[in-house]
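Observations on the model geometry
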Amino acid sequence: MAVTLGARAFTKIVAKGAAFGSTASFAGTTGEIIMTDAVGVLDAGTTVDTNADRSAGVRAGVLGGNVTVTAKNPVLTLGEAPVSMRNLPIYFNALKSITPTGTNPYTYLYSPTMTDVDTLVPQSFLVQDGYQKFIIDGCVPTELSLSAASDGLLQAGSTWAGRQLATTTDANTAAISASQAFLPGRLFTAKYHTSWIDQDGTAVTGTPTAYSSYITDWNLTLTPGAAPIMAMSGGLNSGGVAYQAGFTGTFSLTIASNATAAAAFPVSDIGTVKYVWLKATDGTNSFTFALAAVLTNRSVIGAEGEGGVIVETADFELCYDTTSGKVFEATVVSPLSATP
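Computed from a prediction, not measured in an experiment: that's the story for all the values here.

1. Quick look at the overall build of the chain
- Helix and strand content of the chain: 2 helices and 21 strands.
- The C-alpha extent of the chain, read off along each of the three principal axes, is 75 × 50 × 50 Å.
- Counting all 340 residues of the chain, 44% fall into the buried class.
- Counting contacts in the chain only where the partners sit at least 6 residues apart, residues at least 24 apart contribute 70% of the total.
- For the chain, the exposed area adds up to about 15900 Å²; of that, 53% sits on carbon and sulfur atoms.
- Measuring between centres, the 16 positive side-chain charges of the chain sit 7 Å from its 25 negative side-chain charges.

2. Looking at a nonpolar patch on the surface
- There is a patch of nonpolar side chains on the surface, built from Val48, Val62, Val67, Val69 and Leu236 and spanning about 340 Å² of accessible area.
- As for its position among the elements, Leu236 is in the loop between strand E15 (226-228) and strand E16 (241-243).
- By relative accessible area, which is 37% here, Leu236 ends up partly exposed.

3. A few points about the packing of aromatic side chains
- Here the structure, examined in full by the defined rule, presents 16 aromatic pairs.
- One aromatic cluster is present, formed by Phe92, Tyr110, Phe188, Tyr192, Tyr211, Trp218, Phe251, Phe265, Phe287, Phe289, Phe316 and Phe328 through successive ring pairs.

4. As for the nonpolar core
- In terms of nonpolar packing, the biggest core is built from 65 residues, with Phe92, Trp218, Phe251, Phe287 and Phe328 touching the most fellow members.
- Counting residues in hydrophobic clusters, the runner-up holds 8 residues, among them Val14, Ile33, Leu126 and Ile135.

5. What to know about the side chain of Asn285
- By the element assignment, Asn285 lies in the loop between strand E18 (273-281) and strand E19 (286-304).
- Each residue touching Asn285, except ones within four places of it in the same chain, is listed here: Met85, Pro105, Ala181, Leu183, Ala280, Val333, Ser334 and Pro335.

6. Structural notes on the pairing of strand E9 (residues 133-149)
- By the criterion of burial, E9 is predominantly enclosed, with 12 of the 17 residues buried.
- Sheet topology places strand E8 (residues 123-128) next to E9; 5 bridges connect them, and they run antiparallel. The partner of Gln123 across the bridge, within E9, is Cys139.
- Counted along the chain from E8 to the antiparallel partner E9, the turn is 4 residues long, and its residue Gly130 has a positive phi close to 95°.
- Pairing geometry for E9 and strand E11 (residues 164-167), over 4 bridges, is antiparallel. Residue Asp137 lies in a different strand from E11, and its bridge partner there is Gln164.
- The hairpin turn running from E9 into strand E10 (residues 155-161), its antiparallel successor, is 5 residues long.
- Bridge count between E9 and strand E14 (residues 215-223): 6 bridges; the pairing is antiparallel.

7. Focus: the pattern of salt bridges
- Applying the stated criterion across every chain, the model contains 6 salt bridges.
- The partner of Arg163 in a salt bridge is Asp137, with the nearest N and O atoms 2.7 Å apart. Pair noted here: Arg163 is in the loop between E10 and E11 and Asp137 is in strand E9, with a separation of 26 residues, a long-range link.
- Salt-bridge contacts for Glu312 lead to Arg298; the nearest nitrogen and oxygen are separated by 2.2 Å. Of the two residues, Glu312 is situated in strand E20 (residues 309-318) and Arg298 in strand E19; the sequence distance between them amounts to 14 residues.

8. Things to note about helix H1 (residues 88-95)
- The buried count for H1 comes to 8 of 8 residues, which makes it a mostly enclosed element.
- Among the residues making up H1, those that are buried are Leu88, Pro89, Ile90, Tyr91, Phe92, Asn93, Ala94 and Leu95.

9. Considerations on the side chain of Ser195
- Its place among the elements puts Ser195 in the loop between strand E12 (189-193) and strand E13 (209-210).
- Given a relative accessible area of 18%, Ser195 falls into the buried group.
- Non-local contacts of Ser195, meaning those with residues more than four positions away in its chain, are made with Ala203, Thr205 and Tyr275.

10. Section: the pairing of E12
- Relative to E18, E12 is paired through 5 bridges, and the arrangement is antiparallel. Within E18, the position partnered with Thr189 by the bridge is Lys279.
- In the sheet, E12 pairs with E13 via 2 bridges, with the strands oriented antiparallel. Residue pairing for E13: Lys191 is matched across the bridge by Ala210.

11. Re unusual backbone geometry
- Look at the link from Asn104 to Pro105: it is a cis peptide, with omega at 15°.
- The residue Asn51 is not glycine, and still its phi comes out positive at about 55°.
- Tracing the backbone shows Asn51 in the loop between strand E4 (46-49) and strand E5 (68-72).
- Residues other than glycine seldom take positive phi values, yet Ala181 does so here, at roughly 65°.

12. Quick word on the environment of Thr248
- With respect to the helices and strands, the residue Thr248 is situated in strand E17 (residues 248-256).
- Residue class for Thr248 comes out partly exposed when judged on its relative accessible area of 39%.
- On a C-alpha basis, the gap between Thr248 and Trp196 in space is 17 Å, while along the polypeptide they are 52 residues apart.

Conventions used here
Residues numbered from 1 in each chain as written. Predicted model: local features only at pLDDT ≥ 70, side-chain atom pairs only at ≥ 80, totals over all residues. Heavy atoms only, no water. Helix = DSSP H or I, 4+ residues; strand = E, 2+ residues; numbered from the N terminus. Buried < 20%, exposed > 50% of the residue type's maximum accessible area, 1.4 Å probe, protein only. Contact = heavy atoms within 4.5 Å. Areas by Shrake-Rupley, 256 points an atom, 1.4 Å probe, with all protein chains shown as cover. Lys, Arg positive; Asp, Glu negative; His and termini not counted. Charge placed at Lys NZ, Arg CZ, Asp CG, Glu CD. Patch = residues over 30% accessible without salt bridge, like charges linked within 9 Å, V, L, I, M, F, W, Y side chains within 5 Å. Salt bridge = Lys/Arg side-chain N within 4 Å of Asp/Glu carboxyl O. Phe/Tyr/Trp six-rings, centres within 6.5 Å; stacked < 30°, edge-to-face > 60°. Core = buried A, V, L, I, M, F, W, Y, C linked by side-chain atoms within 4.5 Å. Pairing = 2+ DSSP bridges.

Shown next as structure tokens:
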């Protein structure tokens, strides 16, 4: 018997902003195609109570007529994959409504508010595998991971908590824009300082020091505190989305074990606040981020490459800088004129 299988080559994920409680239409060219690893990204998140702890008078503990769906909390997971500068603003805009500045390229500044909560921008996603098509709406990012290595491209991964998952017949014809712009990891340069470093690479006091030795990779994970509201709201889906936890994150650098590493992140500084800035640009598009973080560990991880360079990791936990009032800040210079 012939079997029709969904083909990975036709997998498509399209994003569009929509108010919580409503589902975006993906008919026609609506939305922006998300370029990501699209295998196994969708979890229906349906919770079933089988009533198995009841005495039913028969040997089977589960009675077919007594099974009840108690909650529907779908989750969309976008695995870490090279991220384009056209897609990256969508991730940050979902966490805080951002108005871009400039004209082709466009600048998106993400600076999370620390003394209040930001305005979440829920997203609807169309997910299709060449055979099935679903829309998951009311999505907010609960975690965002970014990384880059000297032998690859800037990558991003994310986890989105959604409101509702449903099949759809929307025929989406959105095409991949030619203006994507991917950044090689080798384009990143770094600076460190004794106080907050602004997005332009300068500081209010003093001059940040350029990290002049070898960085082979870095990893950043942001947990912004966004979550669906699980309350009695008259339905099985979440009743809304809000910031319900603090802004946290981790950061790590893999660096050559040498005098530069010892000067920038000495073992004696474990437990103290460090200020780090990184930027990559291809001359037109760029990604810049700065953070304040506590150095929590430094560990030698051995030789790497044919040259036998000894490298080590410097691990950090993001923290609030009381002087600048900031934890993390990022700028994306992008070909995207406006988020969908």
